[in-house]
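Fold and geometry: a report
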Amino acid sequence: MILANTRQELLEQLADWRQHDDRIALVPTMGNLHAGHLSLVELAREHAERVVVSIFVNPTQFSEDEDYADYPRTLERDTRRLKKPAADLIFVPDVDTMYPFGVKDATTVCVPRITDNFCGASRPGHFDGVTSVVARLFALVQPDVAIFGQKDYQQQLVIRHMSQDLNLPVKIITGETFREKDGLAMSSRNQYLSEEDRAKAPALFKVLSAVGTDLQSGRRNFEELEAKSVAKLSDAGFAVDYFSIRRALNLEIPDRDCDELVVLAAVRLGRARLIDNIVITI
Ligand code: PAF
């Protein structure tokens, strides 16, 4: 496994693989890897001969009051974890490598509309930071495929939109959400949960799943289901940011006949902000 910190180290290795016609998959991450990330690496391996995992805590997707400074940076452990399933190359750039003109003068890629609601509304500027860094990673690595997790449902839709709109020659693949045994979606931020909040956290997936069952059984009173779920979560001690049933394709408000729905939620428990979702195909 190769560790590349600079643009040149990365490009030299990629050029070598391309000479051999190897397909390249990219798994962009911010590190602090857990089993969910490793499942994305395994999925990447199914689609390409070479797998690049990027580890970069991207400053432009954090607002000033968020956890950029404290975000767990665990490179040594991440590198060990990436031995199995194996990444061929770990790309660990610094901020200057990713933003050669500096963060303040960086070109921003901004996807409109689909970023207006949900995490886009609660975290202003967040998706501009995500699309800007992902576009930069795509430009550097020029992957044939790139893998993103379903847990960040809105993020993967935004990246699909960007790639399609800019005609980027990369196939976006979404990997399933990986869960703890009690249903909590794996996330690097779960470690912010206190012991007491960790015990409450699985209720989020239970409430999402209950709505999934209602939708599968034909219920279409979306607003009522949302309001009931918000009440359940609030009673269980969550501060609900959003809980919404939307069209899976584009996050628009569904009509009764919509046969692919996503139930999306973001909540706060103490210091931790948890997001999760389930997709329902009828
Ligand atoms: O999902 C993440 O970890 C990040 O938003 C990403 C896609 C690596 C961009 O920094």
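Residue numbers restart at each chain and count upward from 1, following the sequence in its written direction. Local features are withheld for residues below a pLDDT of 70 in this predicted model, meaning they are given only at 70 or higher, and side-chain atom pairs are given and counted only at 80 or more; totals for whole chains, interfaces and linings count all residues. Side-chain numbers here rest on the full set of heavy atoms in the structure, without hydrogens or water.

Describing the site of the ligand
The local shell around the ligand consists of P28, T29, M30, N58, Q61, V130, V133, F148 and Q155. Identification of polar contacts relies on pairs of N or O atoms within 3.5 Å, with a donor-acceptor requirement for protein atoms, meaning one able to donate a hydrogen and the other able to accept it, and with residues adjacent in sequence counted only if both atoms are side-chain atoms. In the environment of the ligand, an oxygen atom lies 2.6 Å from a nitrogen or oxygen atom belonging to the side chain of Q61. In this structure, Q155 approaches the ligand through a side-chain N or O atom, which is 2.8 Å from an oxygen atom. Each accessible area value is a Shrake-Rupley result obtained with a 1.4 Å probe; residue values ignore everything except the protein chains displayed when judging cover. Relative to its free-state accessible area of 290 Å², the ligand is covered by the protein chains to the extent of 87%. Secondary structure counts use DSSP, requiring at least four H or I residues in a row for a helix and at least two E residues in a row for a strand, with both numbered from the N terminus. Put simply, the parts of the chain that give the shell around the ligand at least two residues each are β2 (24-29) and α6 (126-141). By the convention adopted, Pro, Cys, Tyr, Trp, Phe, Met, Ile, Leu, Val and Ala count as nonpolar, Lys, Arg, Asp and Glu as charged, and the other residues, Gly among them, as polar. Residues of the shell around the ligand, tallied by class, amount to 5 nonpolar, 4 polar and no charged. Whether a residue is near a molecule or strand depends on its heavy atoms: it is near if one of them lies within 4 Å of it.

A word on a positive patch on the surface
Each patch is built from residues that are more than 30% exposed by relative accessible area and take part in no salt bridge. Like charges join if they lie within 9 Å; nonpolar side chains (Val, Leu, Ile, Met, Phe, Trp, Tyr) join within 5 Å. We count a salt bridge whenever a side-chain nitrogen from Lys or Arg sits within 4 Å of a carboxyl oxygen from Asp or Glu. Lys and Arg are tallied as positive, Asp and Glu as negative. Neither His nor the chain termini are counted. In this description, the location of a charge corresponds to atom NZ of lysine, CZ of arginine, CG of aspartate or CD of glutamate. Together, R77, R80, R81 and K83 line one region of the surface with positive charge. Locating K83 in the fold gives a position in the loop between α3 (75-81) and β4 (89-91). For K83, a relative accessible area of 57% puts it in the exposed group. Summary of the burial criterion: residues with accessible area below 20% of their type's maximum are buried, those above 50% are exposed, and those between are partly exposed, where the area comes from a 1.4 Å probe applied to protein chains only.

Let's talk about the nonpolar core
Here, nonpolar core means buried Ala, Val, Leu, Ile, Met, Phe, Trp, Tyr and Cys residues that are tied together by side-chain atoms lying within 4.5 Å of each other. Ranked by internal contacts, the top residues of the largest apolar core, which has 42 residues, are V52, F91 and F138. Among the elements of the structure, α1 (7-19), β2, β4, α6, β5 (145-149), α7 (153-165) and β8 (260-269) are those that each provide at least two residues to this core. When residues in this core are grouped by element, the largest group, 9 residues, is from α6. We call two residues contacting when some pair of their heavy atoms lies within 4.5 Å. Look past the residues within four positions of F138 in its chain and what remains in contact with it is L26, P143, A146, F148, I159, M162, S163, L168, V170 and I172. With 29 residues, the next largest nonpolar core counts L184, I245, L261 and L269 among its residues.

Here's the deal with unusual backbone geometry
Here the residue pair K84 and P85 is connected by a cis peptide bond, since its omega of 0 degrees sits within 30 degrees of zero. Relative to the assigned elements, P85 resides in the loop between α3 and β4. One non-glycine residue, D21, adopts positive backbone phi at about 60 degrees. Along the chain, the position of D21 falls in the loop between α1 and β2. Accessibility expressed as a relative area gives 67% for D21, which makes it exposed. A positive phi angle, near 55 degrees, is found at N167, a position not held by glycine. A residue is classified by how much of its surface remains accessible, and N167, at 66% relative accessible area, is exposed.

Observations regarding the packing of α6 against α7
Angle between the axes and distance between the axes are the two parameters that describe a pair of packed helices. Lines fitted to the C-alpha atoms define the axes, with helices restricted to the stretch that makes contact. Angles between their N-to-C directions range from 0 to 180 degrees. As a packed pair, α6 and α7 sit with axes 10 Å apart at the nearest point and diverge in direction by 55 degrees. Our classification of the angle between α6 and α7 gives oblique. Pair α6 / α7 crosses with right-handed handedness. Facing F127, V130, T131, V134, A135 and F138 of α6, the residues of α7 in contact are Q154, Q155, V158, I159, M162 and S163. Tallied by class, residues from the contact of α6 with α7 come to 8 nonpolar, 4 polar and no charged. Roughly parallel covers angles under 35 degrees, roughly antiparallel covers those over 145, roughly perpendicular covers 65 to 115, and oblique covers all other angles. Crossing handedness is defined as follows: a turn of the near helix away from the far one that is anticlockwise and smaller than a right angle gives a left-handed crossing, while the clockwise case is right-handed.

Here's the deal with the sheet that holds strand β7 (residues 239-247)
For two strands to pair, DSSP has to find at least two bridges joining them. Pairing within the open sheet is antiparallel, and its 3 strands lie in the order β7-β8-β9. At either end of the open sheet lies a strand with only one pairing partner, and these are β7 and β9 (272-281). The sheet shows a mean angle of 10 degrees between the axes of neighbouring strands, taken without regard to direction. By the bridge criterion, 10 bridges tie β8 to β9 in an arrangement that is antiparallel. Each residue of the ladder has a partner; that of L261, found in β9, is I280. Along the sheet, helix α10 (residues 222-235) makes contact with β7 and β8, crossing β7 at roughly 155 degrees.

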